[in-house]
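These are the residues of each chain, in order.
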Amino acid sequence: YCCPEANDVATASSVISTVGAYAEEKQNERITLTYPNKATRIFSDGIVRQVKGSFIAAAYAGIEAAMPVFNSKTRAVTTVFNELLGPKLTRGQKNELAAKGVLIFEQPDGAGEDIFCRHQLTTDMSSADTRENSIFGIKDFASKYIRKSLDIYVGKYNITADLVTKITGSTNSAISELIQMEYILSGSIISVSQDALNPDSIIVEILIDVPYPCNSIEITIVL
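In what follows, the accompanying structure is described.

So, how was this worked out
Residues numbered from 1 in each chain as written. Predicted model: local features only at pLDDT ≥ 70, side-chain atom pairs only at ≥ 80, totals over all residues. Heavy atoms only, no water. Helix = DSSP H or I, 4+ residues; strand = E, 2+ residues; numbered from the N terminus. Rg over C-alpha atoms; globule rule 2.2 N^0.38 Å. Buried < 20%, exposed > 50% of the residue type's maximum accessible area, 1.4 Å probe, protein only. Contact = heavy atoms within 4.5 Å. Areas by Shrake-Rupley, 256 points an atom, 1.4 Å probe, with all protein chains shown as cover. Lys, Arg positive; Asp, Glu negative; His and termini not counted. Charge placed at Lys NZ, Arg CZ, Asp CG, Glu CD. Pairing = 2+ DSSP bridges. Axes fitted to C-alpha atoms, helices over the stretch in contact; angles between N-to-C directions. Expected span 1.5 Å × (residues − 1). Arc of directions from axis to C-beta.

**Some remarks on the overall build of the protein chain**
For step 1, the next point in the chain: Broken down by element type, the protein chain carries 6 helices and 9 strands.
For step 2, the next point in the chain: Here the C-alpha atoms of the protein chain give a radius of gyration of 22 Å, more than 25% beyond the 17 Å that 2.2 N^0.38 yields for 223 residues.
For step 3, the next point in the chain: Based on the C-alpha atoms only, the size of the protein chain along its principal axes is roughly 65 × 60 × 30 Å.
For step 4, the next point in the chain: The buried share of the protein chain, taken over its 223 residues, is 36%.
For step 5, the next point in the chain: For the protein chain, restricting intrachain contacts to residue pairs at least 6 apart in sequence, the fraction spanning at least 24 positions comes to 59%.
For step 6, the next point in the chain: Carbon and sulfur atoms make up 52% of the accessible area of the protein chain, which amounts to about 12,900 Å² in all.
For step 7, the next point in the chain: Treating the 20 positive side-chain charges of the protein chain as one cloud and the 26 negative ones as another, the clouds have centres 5 Å apart.

**Focus: the sheet that holds strand E6 (residues 102-106)**
For step 1, the next point in the chain: Taken in spatial order, the 4 strands of this open sheet run E1-E6-E7-E4, and their pairing is mixed. Either end of the sheet is taken by a strand with one partner, and the two such strands are strand E1 (33-35) and strand E4 (77-78).
For step 2, the next point in the chain: Strand direction decides the pairing type here: E4 and strand E7 (residues 115-117), joined by 2 bridges, are antiparallel. Each bridged residue has a counterpart across the sheet, and for Thr78 the counterpart in E7 is Ile115.
For step 3, the next point in the chain: Each of E1 and E6 touches helix H3 (residues 91-99); the most contacted strand, E6, lies at about 145 degrees to it.

**Quick notes on the environment of Ser143**
For step 1, the next point in the chain: For Ser143, the position within the fold is in helix H5 (residues 133-150).
For step 2, the next point in the chain: In this structure the C-alpha to C-alpha distance between Ser143 and Ile175, which are 32 residues apart in sequence, comes to 10 Å.

**Considering helix H2 (residues 53-66)**
Because each turn of an α-helix spans 3.6 residues, side chains separated by three or four positions in sequence point in the same direction.
For step 1, the next point in the chain: Taking 1.5 Å of rise per residue, the 14 residues of H2 would be expected to cover 20 Å, and the 20 Å separating its terminal C-alpha atoms lies within 8% of that figure.
For step 2, the next point in the chain: All buried positions along H2 are accounted for by Gly53, Ile56, Ala57, Ala59, Tyr60 and Ile63. The arc that holds the buried residues of H2, viewed along the axis, is 155 degrees, so those residues lie on one side. Set apart from the buried face of H2 by more than 90 degrees, the exposed residues are Ala65 and Ala66.

**Structural notes on the sheet that holds strand E5 (residues 83-85)**
For step 1, the next point in the chain: Strand order across the open sheet formed by 3 strands is E3-E2-E5, with antiparallel pairing between neighbours. Both edges of this open sheet fall to strand E3 (48-52) and E5, since each of them pairs with a single strand only. Between one strand axis and the next, the sheet turns by 30 degrees as a mean value, whatever way the strands run.
For step 2, the next point in the chain: Relative to E5, strand E2 (residues 38-42) is paired through 3 bridges, and the arrangement is antiparallel. Along E5, the bridge assignment pairs Thr40 with Glu83.

Set out below in structure tokens:
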């Protein structure tokens, strides 16, 4: 998502109240809201033109596509734009805006210099499991990877003890592959059982441990 294009975001306080409120309305780990909502870009004809926030959101999507899912996108750099536009926010104001679930792009050295993602946030700030884009990406990737590994059993087998054994083995194999590829740190099967309410289905419960991004380092010096 790109942040609102409204004209009432001309000051830092209005950005926090308007854009921040928009993010809080979403409160969804599948939604990322980027700020600022305007930038300039040098096009192929050499002319500098202003572009809307949708271009910035698309640039973040490009960052996501270019990096492994399990890597944090915090501080990832984009060179797509020439200059970010909009009210200048202090560090405290950026913290306040980010706390509402807004992914902020920064350009500390000015026009023509690197632009980077301040923190890979979703609009659901309720926990580290929901606010970090890489964590959400890992969960999605792991579920799709395991589902694909079990797809060979769908429709071809009756539910028997032998099928449960096959599914258990394939699931453990998929977990080992995810660990080897560094998408997860560890994983284990909680249960594999026939659904009591839908007897033509099998429920597989899996516990995984994911790699969390290093967002801060606390240093204590003792004399």
